[in-house]
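If you want the building blocks of each chain, they are given just below.
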Amino acid sequence: MGDADPRVGWVLDRAARERAEEPGTIDLGTGERRTWSEVKRRVDGVATALASRDFERGDRVAILSLNSARHFELWYAIPASGLVMNDLNFRLAQEELRFICDDSKVKLLFVDENFLEAGLELRTACDALETLVWLGIGDDPPEGTIAYDALAATEPADLPEPESEDVAAIFYTGGTTGLPKGVMLTHRNLTANAHHMIGGCRLTWRDRYLHAAPQFHIADGALAYSITWVGGTHVFFPAFDPRGVVEALESEAITVTLLVPTMITMCVASGVLADANLSAMRLMIYGASPMPAEVQRTAVPAFACDFMQAYGMTEAAPIVSFLDEAAHTKGLAGEEPWASRLRSAGSPVHGVRVEVRRSDGSIADPGEPGEIWIQGPNIMKGYWNRPEETEHALVDGWYRSGDLAFADEGGFIYIVDRAKDMIISGGENVYTTEVENAIYSHASVLEVAAFAVPHEEWGEAVHVEVVLKQDESVEPDEIIEHCRASIAGYKVPRSVNIRTADEPLPKSGAGKILKRDLRKPFWAGRERQVG
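Reading guide: rules and limits
- Residues numbered from 1 in each chain as written.
- Predicted model: local features only at pLDDT ≥ 70, side-chain atom pairs only at ≥ 80, totals over all residues.
- Heavy atoms only, no water.
- Helix = DSSP H or I, 4+ residues; strand = E, 2+ residues; numbered from the N terminus.
- Rg over C-alpha atoms; globule rule 2.2 N^0.38 Å.
- Buried < 20%, exposed > 50% of the residue type's maximum accessible area, 1.4 Å probe, protein only.
- Contact = heavy atoms within 4.5 Å.
- Areas by Shrake-Rupley, 256 points an atom, 1.4 Å probe, with all protein chains shown as cover.
- Phe/Tyr/Trp six-rings, centres within 6.5 Å; stacked < 30°, edge-to-face > 60°.
- Lys NZ or Arg CZ within 6 Å of the ring centre and 35° of its normal.
- 1 Å grid on protein atoms, 1.4 Å probe; cavity = no way out; pocket = protein on both sides within 12 Å on 5 of 7 lines; lining within 4 Å.
- Points joined across faces, edges and corners; volume = space filled by probe spheres on them.
- Pairing = 2+ DSSP bridges.
- Axes fitted to C-alpha atoms, helices over the stretch in contact; angles between N-to-C directions.
- Core = buried A, V, L, I, M, F, W, Y, C linked by side-chain atoms within 4.5 Å.
- Expected span 1.5 Å × (residues − 1).
- Patch = residues over 30% accessible without salt bridge, like charges linked within 9 Å, V, L, I, M, F, W, Y side chains within 5 Å.
- Salt bridge = Lys/Arg side-chain N within 4 Å of Asp/Glu carboxyl O.
- Lys, Arg positive; Asp, Glu negative; His and termini not counted.
- Charge placed at Lys NZ, Arg CZ, Asp CG, Glu CD.
- Parallel < 35°, antiparallel > 145°, perpendicular 65-115°, else oblique.
- Left-handed = near helix turned anticlockwise from the far one by under 90°.
- Nonpolar A, V, L, I, M, F, W, Y, C, P; charged D, E, K, R; others polar.

S.K.: Is there a simple way to explain the overall build of the protein in this structure?
M.R.: When you go through the protein residue by residue, the secondary structure sums to 17 helices and 27 strands. Computed over C-alpha atoms, the radius of gyration of the protein comes to 23 Å, within 12% of the 24 Å expected from 2.2 N^0.38 for 531 residues, which places it in the range of a compact globule. For the protein, the spread of C-alpha atoms along the principal axes amounts to about 70 × 50 × 45 Å. Taken over 531 residues, the protein has a buried fraction of 57%. Considering only contacts in the protein between residues 6 or more positions apart, those separated by 24 or more positions represent 67%. Carbon together with sulfur atoms contributes 49% to the accessible area of the protein, which is approximately 21,700 Å² in total.

Quick look at the structure:
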């Protein structure tokens, strides 16, 4: 798109111009409802207030908050001010938050009432952090903080427009060393991804999107810009819980939302969908992790709307491919090749190239596993202060994802594992998704995580943690025998730990199962072969 690449601010400008008096944001936590012209006025006020402070362009400003309309306003105000947004995962430990703030030299932190104490501790612990802004309502903020509403009331001024290649945001993600690393996304990256979402999801001004997944995660953020660009309406639910989210879908006539598979599973298992009227819903987007076929067959009729899978990663801002509604409809009806493609992550979005490559960089044959390489306007600028990791990840204009996959003859991508999660047992590669899909087909299983544990003879062996549905009872041997019917003997788990529904698997803020945490006690004092 060259010099015509949009900046983040253009997205809001369009909504405020064309949909000025239409509903822009609805906050179910605070009850605040604002039109697009009102949202624009507040964003401009905050941006002007930030630009007037003693900051240099490109300085980092962080957010620590549950979902809210105020949180959303910052996704526009911070980049518009010439600063860089760092939206913090509130589920991290305090020491992890301190590391991120120190690593990116955060100078100002926006914090809501839920994390005020954590924010005060961070200001004490972090050298660069000087200012806390309270995101609560009113002009009487807690001691030691500035009122957000006072910033929003600032008289807007004309500000220098950022360049399309300026960094708009840094999102921290897991690093190979175990320390988080900051993914630098430019205005071009974020607006390119918004274009992909608008086209792939056929978004229009009629859409009402529920922010139910955490806003700090770029998966939800993918809709923060695209829904605005078409002049739709954003509805904010503070923090996910099955009953509250389903009630919000119904009461606010939501048409589109994004949930991770674990959230969808919780909604279905809770039983709250049985009496809900979700007739306004047209599209459920899911991502962040695969959805097993058994879960798809239960969830799609339960929500009674179209389903679409979005595959991606933070480094791609984040969307790489879609498995669209037609694929789900035809696949669940048993129509080939779509039934087989339900196991895929779909095909690349328009404007993004994806290749599956061997370790020597050559393109793998259809059906042959390799690493996913990605090229497009959505690919990150690099990792913050990580030149070596950036050099490894960005090669000749391509991003090396670290995801292992194969492509079929039609270009559909089948994720088989993360490189670090693959199990090498007796010299054989075991892809954990195969093991997990086999176990998910058991009627009593709610969640499962397969990972490598040390084995004296084979180097690594397959271990699984299984969470059962409420009031179900299954023995480990039954899980092992169940697997033998569908996967090869060397892939069958050698050990199984059964958990009840009250013992969930550890998850990230985005709802991904944290296999690293599960592996850790097994590998204490040892080195893994992979990852």
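The structure having been displayed, the exposition proceeds.
S.K.: Whenever I open this one, the packing of aromatic side chains confuses me. Can you help?
M.R.: Following the criterion strictly, the structure yields 14 aromatic pairs and no others. Geometrically, the ring pair formed by Trp-75 and Tyr-225 is tilted, given 5.7 Å between the ring centres and 55° between the ring planes. With Trp-75 in helix H3 (residues 69-80) and Tyr-225 in helix H8 (residues 218-229), this residue pair connects regions lying 150 residues apart in the sequence. Trp-75 sits in the buried class, given a relative accessible area of 1%. Here the aromatic cluster, defined as three or more aromatic residues joined through ring pairs, consists of Trp-36, Phe-72, Trp-75, Tyr-76, Phe-171, Tyr-225 and Phe-236. Note that Lys-181 overlies the ring of Tyr-383, its terminal NZ or CZ placed 4.2 Å from the centroid. Over the face of the ring belonging to Trp-373 we find Arg-357, whose NZ or CZ atom lies 4.1 Å from the ring centre.

S.K.: Teacher, can you tell me more about the side chain of Lys-181 here?
M.R.: For Lys-181, the location among the structural elements is in strand S9 (residues 181-186). Given the relative accessible area of 8%, Lys-181 is considered buried.

S.K.: Got a minute to help me understand the side chain of Thr-314 in this structure?
M.R.: With respect to the secondary-structure elements, Thr-314 resides in the loop between strand S14 (306-312) and strand S15 (319-323). If we ignore the near neighbours within four places in the chain, the residues touching Thr-314 are Phe-171, Thr-173, Val-183, Leu-185 and Ile-218.

S.K.: Explanation requested: the layout of surface pockets in the structure shown.
M.R.: Empty space left among the atoms is revealed by rolling a probe the size of a water molecule over them. Taken as a whole, the second largest pocket encloses approximately 350 Å³ of empty space. Where the lining of the second largest pocket is concerned, the elements lending two or more residues are helix H1 (8-18), helix H2 (36-51) and H3. Considering each element in turn, the lining of the second largest pocket owes the most residues, five residues, to H2.

S.K.: Got a minute to help me understand the sheet that holds strand S25 (residues 445-455) in this structure?
M.R.: The strands making up a sheet associate through backbone hydrogen bonding, with each pair oriented either parallel or antiparallel. What the three strands build is an open sheet, ordered S25-S26-S27; its pairing is mixed. Of all the strands in the sheet, just S25 and strand S27 (495-499) have a single pairing partner and so form its edges. Taken pair by pair, the neighbouring strands of this sheet meet at an average axis angle of 20°, ignoring direction. By the bridge criterion, five bridges tie strand S26 (residues 459-468) to S27 in an arrangement that is parallel. Residue pairing in the sheet places His-463 in a bridge with Ser-495 of S27. Where helix H16 (residues 476-484) meets the sheet, its contacts fall on S25, S26 and S27, and the angle it forms with S27 comes to roughly 120°.

S.K.: Where do I start with the sheet that holds S14 in this structure?
M.R.: The nine strands lie next to each other as S2-S1-S11-S10-S12-S13-S14-S15-S16, forming an open sheet whose pairing is mixed. Looking at the sheet topology across the chains shown, the edges are occupied by strand S2 (33-35) and strand S16 (347-348). The sheet contact formed by strand S13 (residues 283-287) and S14 spans five bridges and is parallel. When the bridges of S14 are listed, Met-284 appears paired with Phe-307. Across the face of the sheet, H2 comes into contact with strand S1 (23-27), S2 and strand S11 (233-236) while running at roughly 90° to S2. Lying over the sheet, helix H7 (residues 187-201) contacts S13, S14 and S15, oriented at roughly 5° with respect to S15.

S.K.: Is there a simple way to think about the nonpolar core in this case?
M.R.: A general trend in soluble globular proteins is that nonpolar side chains are found buried together. Among the nonpolar cores identified, the biggest contains 130 residues, and Phe-110, Phe-303 and Phe-307 are the most heavily contacted of them. In terms of residue count, the dominant contributor to this core is H8 (eight residues). Residues contacting Phe-303, with those up to four places away along its chain left out, are Leu-249, Ile-264, Cys-267, Val-268, Leu-273, Leu-278 and Met-284.

S.K.: Looking at this model, I keep getting lost on H7. Mind explaining?
M.R.: Two residues of an α-helix separated by three or four positions point the same way, owing to the 3.6 residues in each turn. With 15 residues, H7 should cover 21 Å at 1.5 Å per step; its first-to-last C-alpha distance of 21 Å lies within 8% of that length. Burial within H7 is extensive, with 12 of its 15 residues counted as buried. Buried residues of H7: His-187, Asn-189, Leu-190, Thr-191, Ala-192, Asn-193, Ala-194, His-196, Met-197, Ile-198, Gly-200 and Cys-201, and no others. Following H7 by one or two positions, Arg-202 adopts a phi angle in the positive range, close to 50°.

S.K.: Could you clarify how one ought to interpret a positive patch on the surface in this entry?
M.R.: Where like charges cluster on the molecular surface, the positive patch consists of Lys-420, Lys-512, Arg-516 and Lys-520. Here Lys-420 shows up in the loop between strand S22 (413-418) and strand S23 (423-425).

S.K.: Just checking my understanding: could you explain the packing of H1 against H2 for this structure?
M.R.: Helices that pack against each other are described as a pair by the angle of their axes relative to one another and the distance between those axes. At a minimum axis distance of 8 Å, the contact between H1 and H2 shows a crossing angle of 140°. It follows that H1 is oblique to H2 by the angle criterion. The two elements H1 and H2 cross, and the hand of that crossing is left-handed. Side by side, H1 and H2 meet where Leu-12, Asp-13, Ala-15 and Ala-16 of the first sit next to Trp-36, Val-39, Lys-40 and Val-43 of the second. Residues belonging to the contact of H1 with H2 are distributed by class as follows: six nonpolar, no polar and two charged.

Everything listed here is a matter of coordinates, which is why it stays silent on function.
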